[in-house]
Amino acid sequence: MIRRPPRSTPKPSSAASDVYKRQVITNRLGFFYGVNHMPNGLTTNRFKKNILNVFFLDSTEPTSFTVRLVSDTPDEDTNNISELTEITGANYSAVTLSRNSTDFDVITEDDANDAGFVELADVVFTGAFSGATHCVLCDNSGDVLAYWPLQTGGAAVTVSANQTYTLQNGTIKAVDA
């Protein structure tokens, strides 16, 4: 069983959090990104524009989201999933998330660090597939909102038939630059 640090742990670098990170990395095929482990440029410019449109112009919110595995490296200027190469493989399919507190299980305001973040619930893909270097979060129109590298250094992930690949605690952090 994997122990999780208490939600009230004050700092991501606490001993409890460090133990949890080591357990996930050594005991699970997947990744863990806490608030302090997110790569720069996590969200796309399209995501930022879409948030402003919904908040200030009363645009329609997305009805659902998908998490997809790709073999390209997205960046802040990636607008749509059509600009990337989604992987293929037996049993692989994108995972659909709904706008609810089950699929987005943590939303936090962090006054100490002048930030807020939302965390995705664990996302599980079933193999076989290979060549995945990043996962992307898309809205129901295919706009790429956020992305994460699957492994340090951009190495590709390969999963054998009937194995699972779990993405844990994907976090989108909102902070002023």
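Calculation rules
In this numbering scheme, every chain counts its residues from 1 along its sequence in written order. Reporting of local features is limited, given that this is a predicted model, to residues whose pLDDT is at least 70; pairs of side-chain atoms are given and counted only at 80 or more, and all residues count toward the totals for whole chains, interfaces and linings. Heavy atoms from the whole structure form the basis of all side-chain values; hydrogens and water molecules are not counted. Side-chain atoms within 4.5 Å are what join buried Ala, Val, Leu, Ile, Met, Phe, Trp, Tyr and Cys residues into a set we call a nonpolar core. Here the term buried applies to any residue with accessible area under 20% of the maximum for its type, exposed to any over 50%, and partly exposed to those in between, with areas from a 1.4 Å probe on protein chains only. Working definition: helices are DSSP H or I runs of at least four residues, strands are E runs of at least two. Numbering for both runs from the N terminus. Any two strands between which DSSP finds at least two bridges are classified as paired. Where helices are involved, their axes are fitted lines through C-alpha atoms of the stretch in contact, as for all axes, and angles between N-to-C directions lie from 0 to 180°. Should any heavy atoms of two residues lie within 4.5 Å, those residues are considered in contact. Excluding any residue in a salt bridge, patches collect residues exceeding 30% relative accessible area, merging like charges within 9 Å and nonpolar Val, Leu, Ile, Met, Phe, Trp and Tyr side chains within 5 Å. Only the protein chains shown count as cover for residues, and all accessible areas are computed by the Shrake-Rupley method using a 1.4 Å probe. Whenever Lys or Arg places a side-chain nitrogen within 4 Å of a carboxyl oxygen from Asp or Glu, that contact is recorded as a salt bridge. Geometry of aromatic contacts follows a simple scheme: Phe, Tyr and Trp rings, the Trp one being its six-membered ring, pair when their centres are within 6.5 Å, and the pair is stacked under 30 degrees between planes, edge-to-face over 60, tilted otherwise. All tallies of charge rest on Lys and Arg as positive and Asp and Glu as negative; His and the ends of each chain are not included. Charge positions are represented by NZ for Lys, CZ for Arg, CG for Asp and CD for Glu. Here a polar contact is taken to be a pair of N or O atoms separated by no more than 3.5 Å, where protein atoms must pair a possible hydrogen donor with a possible acceptor and residues adjacent in sequence count only if both atoms sit in side chains. In a helix, the anticipated span is given by 1.5 Å times the number of residues less one. By construction, the arc corresponds to the directions joining the helix axis to the C-beta atoms.

## Notes on the nonpolar core
Counting 27 residues, the largest nonpolar core has Val67, Leu69, Leu97, Phe125, Leu137, Leu167 and Ile172 as the members making the most contacts within it. Elements that contribute at least two residues to this core include exactly β2 (64–70), β3 (95–98), β6 (123–126), β7 (129–132), β8 (134–139), β9 (144–149), β10 (157–159) and β11 (164–168). Grouped together as the second largest cluster of nonpolar side chains are seven residues, Val70, Leu84, Val136 and Cys138 included.

## Overview of the sheet that holds strand β12 (residues 171–175)
Pairing in this open sheet of three strands is antiparallel, and the strands run β4-β5-β12 from one edge to the other. Strands at the two margins of the open sheet, each flanked by one partner only, are β4 (106–110) and β12. Within the sheet, the average angular offset between the axes of one strand and its neighbour, ignoring direction, is 15 degrees.

## Examining the side chain of Asp143
Turning to its location among the elements, Asp143 is positioned in the loop between β8 and β9. The exposure class assigned to Asp143 is buried, which follows from its relative accessible area of 10%. With sequence-adjacent residues up to four places away left out, Asp143 is seen in contact with Arg46, Asn50, Asn79, Asn80, Leu137 and Cys138.

## What about a nonpolar patch on the surface?
A surface patch of nonpolar side chains, about 510 Å² in accessible area, is lined by Leu52, Phe55, Phe56 and Leu57. Accessibility expressed as a relative area gives 47% for Leu52, which makes it partly exposed.

## Thoughts on the packing of aromatic side chains
Taken as a whole and judged by the stated rule, the model has four aromatic pairs. Ring geometry for Phe65 against Phe104: centres 5.3 Å apart, planes inclined by 75 degrees, an arrangement best described as edge-to-face. One end of the pair, Phe65, is in strand β2; the other, Phe104, is in the loop between β3 and β4, and 39 residues separate them in sequence. Phe65 gets classed as buried once you look at its relative accessible area, which sits at 11%. According to the relative accessible area criterion, Phe104 is buried, its value standing at 12%. Relative to Phe125, the ring of Tyr92 has its centre 5.7 Å away and its plane inclined at 20 degrees; by these criteria the two rings are stacked. Taken together, the residues span a long stretch of sequence, with Tyr92 in the loop between β2 and β3 and Phe125 in strand β6 at a distance of 33 residues. Residue Tyr92 shares its accessibility class with Phe125, and that shared class is buried.

## Observations concerning a negative patch on the surface
On the surface, Asp75, Glu76, Asp77 and Glu83 cluster together into a patch of negative charge. With respect to the helices and strands, Asp77 occurs in the loop between β2 and β3.

## Some points on the environment of Arg99
Looking at the secondary structure, you find Arg99 in the loop between β3 and β4. Note on Arg99: relative accessible area 49%, which makes it partly exposed. The spacing of Arg99 and Thr63 is 36 residues in sequence and 6.7 Å in space, taken between C-alpha atoms. In this view, Arg99 contacts Glu61, Pro62, Thr63 and Phe65; residues no more than four positions away in its chain are not counted. Here the side chain of Arg99 touches Pro62 through a polar contact of 3.4 Å, landing on its backbone oxygen.

## Notes on helix α2 (residues 45–57)
If you check α2, its first and last C-alpha atoms are 17 Å apart, about what 13 residues at 1.5 Å a residue would give, namely 18 Å. Turning to α2, its buried residues number three or more, namely Phe47, Asn50 and Asn53. Buried positions in α2, seen along its axis, are confined to an arc of 125 degrees and lie on one side of it. Exposed and facing more than 90 degrees away from the buried side of α2 are Phe55 and Phe56. Against the buried residues of α2 lie β8, β9 and β12. A positive phi of about 60 degrees marks Asp58, the residue just after α2.

None of the figures reported here should be taken as evidence of function without further support.
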